[in-house]
There are 2 protein chains.
Amino acid sequence: MVTKGKISEEVKCPVTGILQLIGGKWKPIILYCLRSETRRFGEIAARIPSISRKVLTEQLRELEQDNLILRVQFNEIPPRVEYSLTAMGKSLSPILHEMEKWGLENIMNKK
Amino acid sequence: MVTKGKISEEVKCPVTGILQLIGGKWKPIILYCLRSETRRFGEIAARIPSISRKVLTEQLRELEQDNLILRVQFNEIPPRVEYSLTAMGKSLSPILHEMEKWGLENIMNKK
DNA sequence: GCCTTTAGTTACCATTTAGTTACCACTTTT
DNA sequence: AAAAGTGGTAACTAAATGGTAACTAAAGGC
């Protein structure tokens, strides 16, 4: 148990704080994928082919709990679930946009 | 072995690419810590108290290999090592700056 | 009757990442 | 003689993350 005491000490660092929300391997990509559109579970999975459904489910749940995305479930058969960004999720878009820009400039045209 | 094939397919996504460089739990904080100044190993460790020396060493090595930071070793006794951002590392600053801004607005004044 | 579709859940295992503890080398200070 | 200071490394353990396979629901198609 290291965390409890240290977090409060370190949350002087705003970067540490945000990493607790979007610091996972997949979360920025998921948010990036939802940046402009509401998408169904299957659509997200199709756009991020290497994520497994289980992990996608877990990550979406965490993002939902952190109030970054909204999950709307339609009780139909077959089921339909739509995900979209909340206001807080949308407020991350400058970060994602900078990441996208950097990626385009530094990775895409180098390979 | 999943990666090889999928990476090339997915590097249409610039966010995926950048996450391979700065996606770890500590890397953004380390880069943020070096954003304006050259710092010694011990200084970085002091500013990020909950990271262990081992993990800090590992992360610094990876950042160095990815050409984001520069490591300069002075052969003195006691030894001195200075880390600073490379041009490529500095080019990440808009991202770090947006993260810092978001953290300040959304986390710091909420708690 | 069985397969398909969708968005999961559950159980279980493997891999990756992170953390702890002890220790080194070398000189100066106490 | 021993401790302090610096930037680590090695061996080991723990935690986080990722993956697979089997299962669910209800209606439609063959």
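Treat the numbers as computed from the prediction; the structure is a model and nothing was measured. (Residues numbered from 1 in each chain as written. Chains lettered and ligands numbered in written order. Predicted model: local features only at pLDDT ≥ 70, side-chain atom pairs only at ≥ 80, totals over all residues. Heavy atoms only, no water.)

Asks: In this structure, what is going on with the packing of helix H7 (residues 93–108) of chain A against helix H2 (residues 14–22) of chain B? I would like to understand it.
Replies: For any two helices packed against each other, one specifies the crossing angle of their axes together with the interaxial distance. In the contact formed by H7(A) and H2(B), the axes pass within 8 Å of each other and the chain directions differ by 80°. Relative to H2(B), the element H7(A) lies roughly perpendicular. Contacts between H7(A) and H2(B) pair Met99(A), Glu100(A), Trp102(A), Gly103(A), Leu104(A), Ile107(A) and Met108(A) from the former with Pro14(B), Val15(B), Gly17(B), Ile18(B), Leu19(B) and Leu21(B) from the latter. Of the residues contributing to the contact of H7(A) with H2(B), the split by class is 10 nonpolar, 2 polar and 1 charged. (Axes fitted to C-alpha atoms, helices over the stretch in contact; angles between N-to-C directions. Helix = DSSP H or I, 4+ residues; strand = E, 2+ residues; numbered from the N terminus. Parallel < 35°, antiparallel > 145°, perpendicular 65-115°, else oblique. Contact = heavy atoms within 4.5 Å. Nonpolar A, V, L, I, M, F, W, Y, C, P; charged D, E, K, R; others polar.)

Asks: For this particular structure, what's the right way to read the protein's contact with DNA strand C?
Replies: Close to DNA strand C lie 21 residues, the nearest being Arg61(A), Arg71(A), Pro79(A), Tyr83(A) and Lys54(B). Restricting attention to atoms of DNA strand C within 4 Å of the protein, one finds that 73% of them are sugar or phosphate atoms. Within the contact set of DNA strand C, a phosphate oxygen lies 3.3 Å away from a side-chain nitrogen or oxygen of Trp26(B). Gln59(B) is positioned with one of its side-chain polar atoms (N or O) 3.2 Å from a phosphate oxygen of DNA strand C. Elements supplying a minimum of two residues to the surface near DNA strand C: helix H4 (41–47), helix H5 (53–65) and strand S3 (80–85) of chain A together with helix H5 (53–65) of chain B. The element contributing the most residues to the surface near DNA strand C is H5(A), with 4 residues. For the surface near DNA strand C, the per-class residue count stands at 9 nonpolar, 4 polar and 8 charged. (Near = heavy atom within 4 Å. Polar contact = N/O pair within 3.5 Å; in protein donor to acceptor, adjacent residues only side chain to side chain.)

Asks: For this particular structure, what's the right way to read the pattern of salt bridges?
Replies: Oppositely charged side chains can pair when the atoms bearing their charge come close. All names here are of chain A. One pass over the full model with this rule turns up 13 salt bridges over all chains. A salt bridge links Arg80 to Glu82; its shortest N-O distance comes to 3.0 Å. Under the relative-accessibility criterion, Arg80 is labelled partly exposed at 22%. For Glu82, a relative accessible area of 23% translates into the label partly exposed. Taken together, the salt bridges that share partners define one network made up of Glu37, Arg39 and Glu43. (Salt bridge = Lys/Arg side-chain N within 4 Å of Asp/Glu carboxyl O. Buried < 20%, exposed > 50% of the residue type's maximum accessible area, 1.4 Å probe, protein only.)

Asks: Can you help me understand the protein's contact with DNA strand D in this one?
Replies: Taken together, the neighbourhood of DNA strand D is formed by 21 residues, with Lys25(A), Lys54(A), Ile77(A), Arg71(B) and Tyr83(B) sitting nearest. Counting only the atoms of DNA strand D that lie within 4 Å of the protein, the sugar and phosphate share comes to 65%. Between DNA strand D and Arg61(B), the relevant distance is 3.3 Å, taken from a phosphate oxygen to a side-chain nitrogen or oxygen of the residue. Val81(B) has a polar backbone atom sitting 3.1 Å from a phosphate oxygen of DNA strand D. The set of elements that each furnish at least two residues to the surface near DNA strand D consists of H5 of chain A together with helix H4 (41–47), H5 and strand S3 (80–85) of chain B. Broken down by element, the residue count for the surface near DNA strand D peaks at 4 residues, all from H5(B). For the surface near DNA strand D, a count of residues per class yields 8 nonpolar, 5 polar and 8 charged.

Geometric values such as these leave the question of function open.
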